[in-house]
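Observations on the model geometry
Now for the letters of each chain:
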Amino acid sequence: MLTGGGSWANAADTAGRCFNGTFCPAGFSRAPDLLRDACPKASYCPVATPAPIPCPAGRYNGLTGQDSLADCIFSPAGYYAIANSTAPNGLCEPGFYCPVSSTGPREIPCPNRTYLPEYGGASVSDCSTCVAGGYCPLGSANPIACPRGYYCLTAVGRPLPCPPGTYGNATGLTRVQECTACDGGYYCDGYALTAPRGLCEKGFYCISGSNTSTPVNVVRLDSLNISDVGSICPRGSYCPQGAIRPVPCPSGTFNSRIGADSLADCTSCSPGYYCEGVGNFQPTGFCLDGYYCIGGASLPTQYEAQPGYVSSAGASNQTACSPGTYNMQLRQTTCTGCPEGFYCPISGLATYIPYPCVPGHYCPPGTIDPVKCPAGTFSNAVGNVNVSQCTLCT
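Residues numbered from 1 in each chain as written. Predicted model: local features only at pLDDT ≥ 70, side-chain atom pairs only at ≥ 80, totals over all residues. Heavy atoms only, no water.

Focus on the overall build of the protein
If you tally the helices and strands in the protein, you get zero helices and 34 strands. Burial analysis of the protein (394 residues in total) assigns 37% to the buried set. When contacts within the protein are restricted to residue pairs at least 6 apart in sequence, those whose partners lie at least 24 apart make up 37%. Accessible surface, the protein: about 20,100 Å² in total, of which carbon and sulfur atoms supply 55%. (Helix = DSSP H or I, 4+ residues; strand = E, 2+ residues; numbered from the N terminus. Buried < 20%, exposed > 50% of the residue type's maximum accessible area, 1.4 Å probe, protein only. Contact = heavy atoms within 4.5 Å. Areas by Shrake-Rupley, 256 points an atom, 1.4 Å probe, with all protein chains shown as cover.)

See below:
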């Protein structure tokens, strides 16, 4: 029988709860004291603790006899502490920063396009902007030298490829103008080339009359203007080897990149969208309200939403009406709430008629399961709509 305890003022009681700052394992037969039973470092012990509670990650405690979580000190900015620590475990690693109460040496990575070479970063302001000629992905300790075939502006998180018509034969390029123009008599048909590719090949078209199989002018990436001797194949088309003109991607497909060389590069129109006509470089638009497009649609009305289902613009499938609702018509965008006197127990209902409210129950609007008449009442009628229709027992 407990006769008190729980505080140091009751230390003389024969039994009781373990005092704050101490712990009492099972079978403890004496009053605890801070000499033999003090809560150890890296822990805290509230009243009546059978075992020390470790300080959580992000906190530490270097003293014995502590009795609350507040006694576990937050690790300072720039440092981290794992669970059950008596002191901060170390400095934050390069490429990362550790605000107050950090739990590991890589608490928060320096953002994309920044870097931090030192230990002990405390906030995002310690991360420096990436310098030109290098790139800095998430958590960078130092800029990574821009590889051949790429250029790196100031503050980039990944290298930018030298565009078609150029190549990069050196590392550390700092701007697109440093990409070397493709040599005469050759073609550069892709991104990030480190040398000319070779003679005109698939992915390009060469108009009759050219004195070389390498197009002189390359189409700009932000334009569909065609040069007089040929160019890289534009978006929305593909160019097999020996093509005289770009072949438009067929209806129901699109191609968003330049330099495609086969029909397989024409992507089936994305679910929820339609691709009308030929030569699309992106989907024409969303599938219409009341319809859904599962992919490869050439019109915005690929499939109708069926009774019991609805769909809205851009839908890739029809959605079943939820329990408590129904839909009797085609091409609807919303479901109707179940009417009073009926219940709609399942999803995808096309009609509520087979589900009149059963005797002994009532069904307000939107009912999923009939509500039982309260104890002491009854009803033998079908289609009750509210509790007032439940009759008191005689």
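Here's the deal with the state of the cysteines
Considering all chains together, one arrives at 16 disulfides under this definition. A sulfur-sulfur distance of 2.1 Å marks the disulfide that ties Cys18 to Cys24. Between Cys18 and Cys24 the sulfur-sulfur dihedral comes to about 75 degrees; the bridge is accordingly right-handed. The class of Cys24 is buried, set by a relative accessible area of 15%. The disulfide partner of Cys269 is Cys275, and the S-S distance across this bridge is 2.1 Å. In this structure the cystine formed by Cys269 and Cys275 twists about its S-S bond by roughly 80 degrees; its chirality is therefore right-handed. The pair formed by Cys269 and Cys275 is uniform in burial state, with each residue classed as buried. With no disulfide of its own, Cys393 lies 9.5 Å from the sulfur of Cys373, the closest cysteine sulfur. (Disulfide = S-S within 2.5 Å.)

Quick notes on the side chain of Asp265
Take Asp265: it is sitting in the loop between strand 21 (253–254) and strand 22 (267–268). At 3.3 Å, the side chain of Asp265 and the side chain of Arg257 are in polar contact. Residues in contact with Asp265, not counting those within four places in the same chain, are Phe254, Asn255, Arg257 and Ala260. (Polar contact = N/O pair within 3.5 Å; in protein donor to acceptor, adjacent residues only side chain to side chain.)

A look at a nonpolar patch on the surface
Residues Tyr79, Leu91 and Tyr119 make up a contiguous nonpolar surface patch of about 320 Å² in total accessible area. Within the element layout of this structure, Leu91 appears in strand 6 (residues 90–91). A residue is classified by how much of its surface remains accessible, and Leu91, at 38% relative accessible area, is partly exposed. (Patch = residues over 30% accessible without salt bridge, like charges linked within 9 Å, V, L, I, M, F, W, Y side chains within 5 Å. Salt bridge = Lys/Arg side-chain N within 4 Å of Asp/Glu carboxyl O.)

A short note on the environment of Phe74
With respect to the secondary-structure elements, Phe74 resides in strand 4 (residues 73–74). Setting aside its immediate chain neighbours within four residues, Phe74 contacts Gly58, Arg59, Tyr60, Val100 and Ser101.

Observations concerning the packing of aromatic side chains
Tallied over the full model, the rule gives five aromatic pairs. Residue placement shows Arg235 over the ring face of Phe281; its charged tip is 4.2 Å from the ring centre. (Phe/Tyr/Trp six-rings, centres within 6.5 Å; stacked < 30°, edge-to-face > 60°. Lys NZ or Arg CZ within 6 Å of the ring centre and 35° of its normal.)

As for the pattern of salt bridges
Inspection of the entire model under this criterion finds seven salt bridges. Linking Arg30 and Asp37 is a salt bridge whose minimum nitrogen-to-oxygen distance equals 2.8 Å. Residue Arg30 is classed as partly exposed on the basis of its relative accessible area of 33%. Relative accessible area serves as the criterion here: at 5%, Asp37 is assigned to the buried category.

Points about the confidence of the model for the protein
Chain-level statistics for the protein give a pLDDT mean of 89 and a share of 89% at 70 or above. Considering only residues more than four positions removed or in separate chains, one finds that residues 218–226, a stretch of pLDDT under 50, has 16 contacts. (pLDDT = per-residue confidence, 0-100.)

Observations concerning unusual backbone geometry
In the Ramachandran plot, Asn84 falls in the positive-phi region, its phi being about 65 degrees despite a non-glycine side chain. Following the sequence through the fold, Asn84 ends up in the loop between strand 5 (79–80) and strand 6. Of the residues examined, Asn84 reaches a relative accessible area of 44% and is grouped as partly exposed. Of note, Ser101 is a non-glycine position whose phi angle comes to about 70 degrees, a positive value.

A closer look at the environment of Ala195
For Ala195, the location among the structural elements is in the loop between strand 16 (180–181) and strand 17 (204–206). Along the sequence, Ala195 and Tyr167 sit 28 residues apart, while their C-alpha atoms lie 5.7 Å from each other.

A few points about the environment of Gly133
Counting through the fold element by element, Gly133 comes out in the loop between strand 10 (128–129) and strand 11 (134–135). When the C-alpha positions of Gly133 and Ala145 are compared, they lie 6.3 Å apart, and in sequence the two are 12 residues distant.

Quick notes on the side chain of Thr114
Relative to the assigned elements, Thr114 resides in strand 9 (residues 114–115). A polar contact of 2.7 Å, which involves the side chain of Thr114, links it to the backbone oxygen of Pro111. Excluding its chain neighbours within four sequence positions, the residues that come into contact with Thr114 are Cys127, Ser128, Cys130, Cys136, Pro137 and Ser140.

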